[in-house]
Every structure is written in structure tokens, then in C-alpha cells.
Amino acid sequence: MSGGTKKFSVTIPEHLAETVQERIGKGSFSAYVSEALMRQVERDDLSELIAAAETQHGPVDPARVEVKGALLQTDPGARDDDRTSAA
């Protein structure tokens, strides 16, 4: 993360705060929250990218997604043309 920091006051459920504190111990609560917020921003950006792609190209075909997902699970020795033929 580059640049400075800015302090915020947030309210979160007590059980969530306790869970985080148990996981990080004496670690930085702020760093943990910052990392979680960054992951959420990345997810939001990805959702926006998917929406833009679907607007331009139409909805994603779930069957093709399944094929691509299966290819990602294959061993690294799989032939390249196998990976591209399902495109």
C-alpha cells in the first residue's frame, strides 16, 4: 500500500472484533482490516469488469465456465491445445 494513512472510526459487531483479535493476537488490527478492505475493492472491481464484459459480449455461459474450471484443475502437463480448444 502506498501513500499515507487516514484514521477512521468504524463500528463492527463485537463477536467479529473478538474473532479477528483471536486470529491476529497482538498483531495490527488496522492492517488486518486494511487487507480485508483491499480484497473487497478487488472483488468489486472484478464484478464491474464482469458486468462490462457481459454488457459487451452477453451473459457468461455456465457450461463454458465449468469446462474452463475443470481445465484449471488439470495437471500442468496437459497439452496447450486442450486448454485452448474449449474456448
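Residues numbered from 1 in each chain as written. Predicted model: local features only at pLDDT ≥ 70, side-chain atom pairs only at ≥ 80, totals over all residues. Heavy atoms only, no water.

(A) Structural view of the overall build of the protein chain. What the protein chain contains, in helices and strands, is four helices and zero strands. Its helices and strands in sequence order give the protein chain the pattern α-α-α-α, from N to C terminus. A burial count over the protein chain gives 3% of its 87 residues as buried. Carbon together with sulfur atoms contributes 57% to the accessible area of the protein chain, which is approximately 7900 Å² in total. (Helix = DSSP H or I, 4+ residues; strand = E, 2+ residues; numbered from the N terminus. Buried < 20%, exposed > 50% of the residue type's maximum accessible area, 1.4 Å probe, protein only. Areas by Shrake-Rupley, 256 points an atom, 1.4 Å probe, with all protein chains shown as cover.)

(B) Just helix α2 (residues 29-57), in detail. Its 29 residues place the ends of α2 42 Å apart at the C-alpha level, agreeing with the 42 Å of an ideal helix rising 1.5 Å per residue. Looking at the residues trailing α2, positive phi occurs at G58, about 95°. (Expected span 1.5 Å × (residues − 1).)

(C) Geometry of helix α3 (residues 62-73). With twelve residues, α3 should cover 16 Å at 1.5 Å per step; its first-to-last C-alpha distance of 17 Å lies within 8% of that length. Here α3 starts with a cap whose side-chain oxygen sits 3.0 Å from the backbone nitrogen of A63, and that cap is D61. (Polar contact = N/O pair within 3.5 Å; in protein donor to acceptor, adjacent residues only side chain to side chain.)

(D) Structural context of a nonpolar patch on the surface. Where nonpolar side chains cluster on the molecular surface, the patch consists of F8, V10, I12 and L16 and spans about 410 Å² of accessible area. One can find I12 in the segment before α1 (14-24). (Patch = residues over 30% accessible without salt bridge, like charges linked within 9 Å, V, L, I, M, F, W, Y side chains within 5 Å. Salt bridge = Lys/Arg side-chain N within 4 Å of Asp/Glu carboxyl O.)

(E) Main features of a negative patch on the surface. Together, E42, D44, D45 and E48 line one region of the surface with negative charge. Of note, E42 is situated in helix α2. (Lys, Arg positive; Asp, Glu negative; His and termini not counted. Charge placed at Lys NZ, Arg CZ, Asp CG, Glu CD.)

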